[in-house]
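# Chains, contacts and geometry: an overview
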Amino acid sequence: MRTRKLAETALLAATALIIYIVEAQIPSLTNIPGIKLGLSNTVTLFAMYTVGTGQAVCVLVIRVLLGTFATGQVMSLIFSAAGGTISFAVCALLKRVFPIRMIWVVSIFGAIGHNIGQIAAAVLVTGTWEIIYYLPVLIISGVFTGTFTGLAAQFAVKRMGKNDC
Amino acid sequence: MKLYLKSWFWVIFFALVCCCCFVIYLLPKGGNGYVGVYQNGELICSFDEEELNEDRELVIEYMGGTNTISISEGSVSITQASCPDGDCVRHGPLEPGGTPIICLPNRLVIKYIDETKNDDVDAVSGDVK
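Before going into details, it helps to say that this report is about the structure given with it. A quick note: this is a predicted structure, and the numbers were derived from the prediction, not measured.

### Some remarks on the overall build of chain A
What chain A contains, in helices and strands, is 6 helices and 0 strands. In sequence order, the secondary structure elements of chain A are arranged as α-α-α-α-α-α. Of all 165 residues assigned to chain A, the portion counted as buried reaches 48%. For chain A, restricting intrachain contacts to residue pairs at least 6 apart in sequence, the fraction spanning at least 24 positions comes to 75%. When the accessible surface of chain A is totalled, it reaches about 8000 Å², and 73% of it is carbon and sulfur.

### Details of the packing of helix H1 (residues 2-25) of chain A against helix H2 (residues 41-50) of chain A
All names here are of chain A. At a minimum axis separation of 8 Å, H1 and H2 run at an interaxial angle of 160 degrees. By the angle class used here, H1 and H2 are roughly antiparallel. Relative to H2, the crossing made by H1 is right-handed. Between H1 and H2, the residues in contact are Leu 12, Thr 15, Ala 16 and Ile 19 and Val 43, Phe 46 and Ala 47, respectively. Of the residues assigned to the contact of H1 with H2, the class counts are 6 nonpolar, 1 polar and no charged.

### Observations concerning a nonpolar patch on the surface
A contiguous nonpolar patch, built from Val57(A), Val61(A), Ile62(A), Leu65(A), Leu66(A) and Phe69(A) and spanning about 500 Å² of accessible area, is present on the exposed surface. Examined against the element boundaries, Val61(A) turns out to sit in helix H3 (residues 53-71).

### A short note on the sheet that holds strand E7 (residues 108-113) of chain B
Each strand in a sheet pairs with its neighbour through backbone hydrogen bonds, running either in the same direction (parallel) or in the opposite one (antiparallel). Residues and elements named next belong to chain B. Taken together, the 4 strands give an open sheet; going across it, the order is E2-E1-E7-E6, and neighbouring strands pair in antiparallel fashion. Each of the sheet's edge strands pairs with one partner strand only, and the pair in question is strand E2 (42-47) and strand E6 (101-103). Taken pair by pair, the neighbouring strands of this sheet meet at an average axis angle of 25 degrees, ignoring direction. In the sheet, strand E1 (residues 34-39) pairs with E7 via 6 bridges, with the strands oriented antiparallel. Bridging from a neighbouring strand, Gly 36 pairs with Lys 111 of E7.

### A short note on the pattern of salt bridges
Two side chains bearing opposite charge may form a pair once their charged atoms approach each other closely. Residues and elements named next belong to chain A. Applying the stated criterion across every chain yields a total of 1 salt bridge over all chains. Notably, a salt bridge pairs Glu 8 with Arg 4, separated by 3.1 Å at the nearest N-O pair. In this pair, Glu 8 and Arg 4 are both assigned in helix H1, 4 residues apart and thus about one turn of the helix distant. Judged by its relative accessible area of 11%, Glu 8 is buried.

### Here we look at the side chain of Ser77(B)
Its place among the elements puts Ser77(B) in strand E5 (residues 75-81). In contact with Ser77(B), not counting residues within four places along its chain, are Thr68(B), Ile69(B), Ser70(B), Gly92(B), Pro93(B) and Ile101(B).

### Examining unusual backbone geometry
Residue and element names in this part refer to chain B. Phi at Arg 107 takes a positive value of approximately 55 degrees, unusual for a residue other than glycine. Mapped onto the elements, Arg 107 comes out in the loop between E6 and E7. Looking at Arg 107, the relative accessible area reads 17%, which means it is buried.

### What about the nonpolar core?
Core analysis: the largest hydrophobic core is formed by 36 residues, its most contacted members being Phe98(A) and Phe14(B). Counting only elements with at least two residues in this core, the list comes to H1, H2, H3, helix H4 (75-95), helix H5 (103-126) and helix H6 (135-159) of chain A together with helix H1 (7-26) of chain B. When sequence neighbours within four positions are dropped, the list of residues in contact with Phe14(B) reads Trp104(A), Val105(A), Ile108(A), Phe109(A), Ile112(A) and Val143(A). Among the nonpolar cores identified, the runner-up in size contains 21 residues, and Val35(B), Cys45(B), Val76(B) and Cys103(B) belong to it.

### Focus on the packing of aromatic side chains
Scanning all chains against the criterion turns up 10 aromatic pairs over all chains. Taking the centre distance of 6.2 Å and the plane angle of 40 degrees together, the rings of Phe109(A) and Phe13(B) count as tilted. Of the two residues, Phe109(A) sits in helix H5 while Phe13(B) sits in helix H1, which places them in two different chains. By relative accessible area, Phe109(A) is classed as partly exposed at 24%.

### Points about the interface of chain B and chain A
Taken together, the contact between chain B and chain A spans 29 residues of the former and 33 residues of the latter. At the surface where chain B touches chain A, the tally comes to 0 salt bridges. Taken together, the links from chain B to chain A amount to 2 residue pairs in polar contact (both at pLDDT 80 or more). Mapped onto the side of chain B that touches chain A, the elements with two or more residues apiece are H1, helix H3 (87-90) and E7 of chain B. Counting residues per element, the side of chain B that touches chain A draws most heavily on H1(B), which supplies 11 residues.

Criteria and cut-off values
- For every chain, the first residue of its written sequence is number 1, and the numbers climb from 1 along that sequence.
- All chains are assigned letters beginning at A, and all ligands numbers beginning at 1, according to the order in which they are written.
- The predicted nature of this model means local features are confined to residues of pLDDT at least 70 and side-chain atom pairs, given and counted, to a pLDDT of 80 or more, with totals for whole chains, interfaces and linings taken over all residues.
- Excluding hydrogens and water, the side-chain figures rest on all heavy atoms present in the structure.
- Runs of E in the DSSP output that reach at least two residues are strands. Runs of H or I that reach at least four are helices, and both are numbered from the N terminus.
- Note on classification: 1.4 Å probe, protein chains only; a residue is buried when its accessible area is under 20% of the maximum for its type, exposed when over 50%, partly exposed between these limits.
- Any two residues whose heavy atoms approach within 4.5 Å at even a single point are treated as in contact.
- Note that accessible areas follow from Shrake-Rupley with a 1.4 Å probe, and for residues the cover is restricted to the protein chains shown.
- Axis geometry follows a simple rule: fit a line to the C-alpha atoms, using only the stretch in contact for helices, then measure angles between N-to-C directions, giving values from 0 to 180 degrees.
- Should an angle fall under 35 degrees it is taken as roughly parallel, and over 145 as roughly antiparallel, whereas 65 to 115 is taken as roughly perpendicular and any remaining angle as oblique.
- With the far helix as reference, a near helix turned anticlockwise by less than a right angle produces a left-handed crossing, and one turned clockwise produces a right-handed crossing.
- For this classification, Asp, Glu, Lys and Arg are treated as charged, while Ala, Val, Leu, Ile, Met, Phe, Trp, Tyr, Cys and Pro are nonpolar and the rest, including Gly, are polar.
- Patch construction takes residues with relative accessible area above 30% that form no salt bridge. Like charges are linked within 9 Å, and nonpolar side chains (Val, Leu, Ile, Met, Phe, Trp, Tyr) are linked within 5 Å.
- Salt bridge criterion: a side-chain nitrogen from Lys or Arg within 4 Å of a carboxyl oxygen from Asp or Glu.
- We treat two strands as partners when DSSP finds at least two bridges between them.
- Put simply, a nonpolar core is a bunch of buried Ala, Val, Leu, Ile, Met, Phe, Trp, Tyr and Cys residues held in one set by side-chain atoms that sit within 4.5 Å of each other.
- Within 6.5 Å between ring centres, the rings of Phe, Tyr and Trp (the latter by its six-membered ring) count as paired, and their orientation is classed by plane angle as stacked under 30 degrees, edge-to-face over 60, tilted in between.
- Each polar contact in these results corresponds to two N or O atoms within 3.5 Å; when the atoms are within protein, one needs to be able to donate a hydrogen and the other to accept it, and residues that are neighboring in sequence are counted only if both atoms are side-chain atoms.

Following this line, the structure appears as structure tokens:
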């Protein structure tokens, strides 16, 4: 069982990392910092609903650390870590309440949590509270990106049930 | 009936959240006339309306990184940044009531500030130029 868990976690982390690196190559569509699709969150949500919250934490931590090294933006590690932690905590709590067909709701709250975490980190690091002005825009973007990644995760979980993973 | 398990409930909920955020986003951001440049949360220089009308460029340094602030035709923008993402450059010119220009890697914020807070600021701006 240990080997199975190890393999599952490694496979999911590798998938998340590849999605993360590919997404990092796509230029930002807006001039507002911090807005991106966050497609690798699909894998985190998928892991949470299939192999469990514990392994999902491992997948997230591996992806954030290796992703930062791979894209070479150490500065963004602080923001990624702050956003990722809050997002994961929110998702892990909501996962207890929402079934698989409602993953998109969990995902939206996760995306909003991620953006709030990022903003909080940016405010603390720079000591400039004006960054909060970006919060409404980031919440709106979180609703849209969260819906998209959530639905992607939802379809993946539906089609590849617990046993196939 | 568990309301939170219905999809339509959340569709309406998130639509309302988006509307509220949009309204908040459109609210004026405060400050008038004066433009302040902050580094690491401290005001390092400011420009009043007269100073905004003389075109020029300033280079601000922070721990090896640089930003070039350009003032032309009464508006302020960042035209060059040493960081790879360059969000502050793509922000474009600073607009009254709009979002501030922020460069996270170099800890730089440019925004409109209140005239009333400005008494002790002119002395500071004199040092920097």
